[in-house]
Amino acid sequence: MKGLLEWNKNLKLLVLLWIAFYVYAITVGFLVQFLILPVMFPSAHWKDGLMVGGDWILFHTEGLEIAKKVEEEGWSEWSLRHPVSGQAMSGIAGFFYALTGIHKPWVLLFYNAFLHATAGIVLFLILRLLGISQKLALIFSIPFVVFPTSLTWVSQIHKDGLYILGMYLTFLSIALAFSKNWRLNLVSLMAGSLGALLFFTVGRQYAIKITQYFYALFVLTALGLALFNLLRLKKEKVLNYGKALIIFSWVFLVYEALQPSQTQTQTQTQTQTQTQAQWYWNPYLPDKIENQFYRLAVWRNEIWAKHLSGMPGAIDEDIKFRSVEDFLKYTPRALFVGFFSPFPKFWFTQGSTTGGTIARYITPFEAIYLYIAWIIFPIALWINRGKPWFWLVLLMCLGFIWLHVVVEPNVGPIVRKRYGYIMLLSAIGYATFFELLRKRHGKDSVFF
């Protein structure tokens, strides 16, 4: 009976916390679209509450096309991806425009707030699984919800809300996979599968492929831990790691099923690019792995250099990758950029747009918050050294931060796409540090 009451209490807290996050997100979204942009910063305002110079304009425009087609010919004409750009956010925008009959971006604010509030709750749960008290888990989940960088997907039309929620569900799945409770293991299965579906929906195909590689590694890790404890005759641990092995294997198969099929046109384009790009193949690496590095190099060396280079915020654009070794050599620099940008040289400077300039006056305060977090983060590494799932989540965070720096050498995309990873790690750093202080000084001390 006591356990049931405790479960109901925790569920009530989660619901109230989700409502608070949702109300904040929906409120700030309306403020941006109806007050901050059109009234306070009109030069940064495109129209209908959207900022100048962003992908959200494309998503909105294509969403209008899809909605009008649905209204004229019926829902059979709706498609998740726009036939020209292939963007899922265009289809999502078109769905809400057609469903409500209101062709304005503010209609999506309710959807944006749902994704952002839910991701905030998942972050709270991950902190609780690390043994952080409710109060500290709440305090250090709030920066993720309120930091200004998040306004890009909270107040505009963008795919990062789906992307971050998908990744946080993946992290929650990894954490729960090692639980002794079979009900939590079942939640882990569902969270991992749902995260995969969100990645597939959002259209970031590289996230699907790379996460699948991580899960292949996790399968081997769980198998190794199970066999190691079998030799030590640790029956309980063998069962726990065995359950994790089953969960990781299942989610791996889900990702395999969701892998997008390559069309003949894509194959021809890839073949043509291979004949143009310079690449030194490593005879000791499996072709399947090296091909992934090669594709990253093509994007960085050829596509980015041709169509996207020279924009304000560019960083290390002159660096090219011609082999796997080049990627490995750049890794320390990539992680440094990923964790510490925007560097002070970008603070309080002019951007390419008014919105970019506003961001450069806001993000320095976020950067200082992160710099302090990285100073105390080694404490979290030590405190959580005995939790295998913590190291797997950390590895995924490092991998994706590295990826976003390597693929898009510009501070703007890096800051936006790394957000979910660095906010999770910084929350863990701060929460673990203050949890340690709380335990050393007593629960009723001044330290929370």
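Values in this document were obtained by computation on a predicted structure and should not be read as measured data.

Undergrad: I keep staring at the overall build of the protein chain and nothing clicks. Help me out?
TA: Helices and strands together make up the secondary structure of the protein chain, namely 18 helices and two strands. A compact globule built from 448 residues should have a C-alpha radius of gyration of about 22 Å, and the protein chain, at 23 Å, falls within 12% of that. In terms of principal-axis extent, the alpha carbons of the protein chain reach across some 60 × 55 × 50 Å. Across the 448 residues that make up the protein chain, the buried fraction comes to 48%. Across the protein chain, contacts joining residues at least 24 apart in sequence account for 72% of those joining residues at least 6 apart. Entry remark: accessible area of the protein chain is about 21600 Å², with carbon and sulfur atoms responsible for 67%. For the protein chain, the distance from the average site of its 39 positive side-chain charges to the average site of its 24 negative ones is 13 Å.

Undergrad: Is there a simple way to think about a nonpolar patch on the surface in this case?
TA: On the surface, Leu11, Val15, Leu16, Ile19 and Val23 cluster together into a nonpolar patch covering about 410 Å² of accessible area. Structurally, the position occupied by Val15 is in helix α1 (residues 2-40).

Undergrad: Which parts of the structure should I look at to understand the side chain of Ser133?
TA: Residue position: Ser133 is located in the loop between α4 (109-129) and α5 (134-139). Ser133 has contacts with Arg128, Glu435 and Arg438, leaving out every residue within four places of it along the chain.

Undergrad: What should I look at first to understand the packing of aromatic side chains in this one?
TA: In this description, an aromatic ring pair is defined by two values, namely the gap between the centres and the angle between the planes. On inspection of all chains with the given rule, the structure shows 47 aromatic pairs. Taken together, a centroid distance of 5.3 Å and an interplanar angle of 80° make the contact between Phe95 and Phe96 edge-to-face. On the basis of relative accessibility, which here comes to 30%, the residue Phe95 falls in the partly exposed class. It is Arg300 that lies over the ring of Tyr330; its NZ or CZ is 5.8 Å from the centre.

Undergrad: What exactly am I supposed to notice about the pattern of salt bridges here?
TA: Oppositely charged side chains can pair when the atoms bearing their charge come close. Under the criterion given, the structure shown has seven salt bridges. One salt bridge connects Arg333 with Asp316, and the closest N-O pair in it is separated by 2.8 Å. Remark: Asp316 occurs in the loop between α13 (287-307) and α14 (324-340) and Arg333 occurs in helix α14; sequence separation between them is 17 residues. For Arg333, a relative accessible area of 32% puts it in the partly exposed group.

Undergrad: Just to check I follow, could you spell out the nonpolar core for this structure?
TA: For soluble globular proteins, the rule of thumb is that nonpolar side chains tend to be buried together. Counting 134 residues, the largest nonpolar core has Tyr168, Phe171 and Phe248 as its most contacted members. Element by element, the count of residues in this core is highest for helix α16 (residues 388-407), at 14 residues. Ignoring any residue separated from it by four or fewer positions in sequence, one finds Tyr168 in contact with Ala119, Val122, Leu123, Ile126, Phe144, Gly420, Met423 and Leu424.

Undergrad: What is the right way to read the packing of helix α10 (residues 205-231) against helix α11 (residues 235-258) from this model?
TA: Helix-helix packing: each pair is described by the crossing angle between the helix axes and the interaxial distance. Packing of α10 against α11 brings their axes to within 8 Å, and their N-to-C directions diverge by 160°. Considering the angle they form, α10 stands roughly antiparallel to α11. Along this stretch, α10 crosses α11, giving a crossing that reads as left-handed. For the contact of α10 with α11, the residue count by class is 19 nonpolar, five polar and two charged.

Undergrad: I'm lost on unusual backbone geometry in this one. Help?
TA: Note: most peptide bonds trans; most residues except glycine with negative phi. Between Ser341 and Pro342 the backbone carries a cis peptide bond, its omega angle lying at 0°. Along the chain, the position of Pro342 falls in the loop between α14 and α15 (354-383). You will see that Asp48, though not glycine, has its phi angle at about 55°, which is positive. With respect to the helices, strands and loops of the structure, Asp48 is situated in the loop between β1 (45-47) and β2 (50-51). For Asp48, a relative accessible area of 27% puts it in the partly exposed group. Even without glycine at this site, Asp316 takes up a positive phi of about 60°. A relative accessible area of 16% means that Asp316 is categorised as buried.

Undergrad: It is not clear to me how α13 should be interpreted in this structure. Could you clarify?
TA: Side chains three or four residues apart in an α-helix point the same way, a direct result of the helix having 3.6 residues per turn. Relative to the 30 Å expected for 21 residues at 1.5 Å per residue, α13 spans 28 Å between its end C-alpha atoms, a close match to the ideal helical length. A bend of about 30° at Trp299 is the largest found in α13.

Undergrad: How do you make sense of the environment of Leu184 when you look at a structure like this?
TA: Its place among the elements puts Leu184 in helix α9 (residues 182-202). Of the residues examined, Leu184 reaches a relative accessible area of 34% and is grouped as partly exposed. Between the C-alpha atoms of Leu184 and Val39, which are 145 residues apart in sequence, the distance is 48 Å. Setting aside its immediate chain neighbours within four residues, Leu184 contacts Leu176 and Ser179.

Criteria and cut-off values
- Residues numbered from 1 in each chain as written.
- Predicted model: local features only at pLDDT ≥ 70, side-chain atom pairs only at ≥ 80, totals over all residues.
- Heavy atoms only, no water.
- Helix = DSSP H or I, 4+ residues; strand = E, 2+ residues; numbered from the N terminus.
- Rg over C-alpha atoms; globule rule 2.2 N^0.38 Å.
- Buried < 20%, exposed > 50% of the residue type's maximum accessible area, 1.4 Å probe, protein only.
- Contact = heavy atoms within 4.5 Å.
- Areas by Shrake-Rupley, 256 points an atom, 1.4 Å probe, with all protein chains shown as cover.
- Lys, Arg positive; Asp, Glu negative; His and termini not counted.
- Charge placed at Lys NZ, Arg CZ, Asp CG, Glu CD.
- Patch = residues over 30% accessible without salt bridge, like charges linked within 9 Å, V, L, I, M, F, W, Y side chains within 5 Å.
- Salt bridge = Lys/Arg side-chain N within 4 Å of Asp/Glu carboxyl O.
- Phe/Tyr/Trp six-rings, centres within 6.5 Å; stacked < 30°, edge-to-face > 60°.
- Lys NZ or Arg CZ within 6 Å of the ring centre and 35° of its normal.
- Core = buried A, V, L, I, M, F, W, Y, C linked by side-chain atoms within 4.5 Å.
- Axes fitted to C-alpha atoms, helices over the stretch in contact; angles between N-to-C directions.
- Parallel < 35°, antiparallel > 145°, perpendicular 65-115°, else oblique.
- Left-handed = near helix turned anticlockwise from the far one by under 90°.
- Nonpolar A, V, L, I, M, F, W, Y, C, P; charged D, E, K, R; others polar.
- Expected span 1.5 Å × (residues − 1).
- Bend = angle between axes of the 7 residues up to and from the residue.

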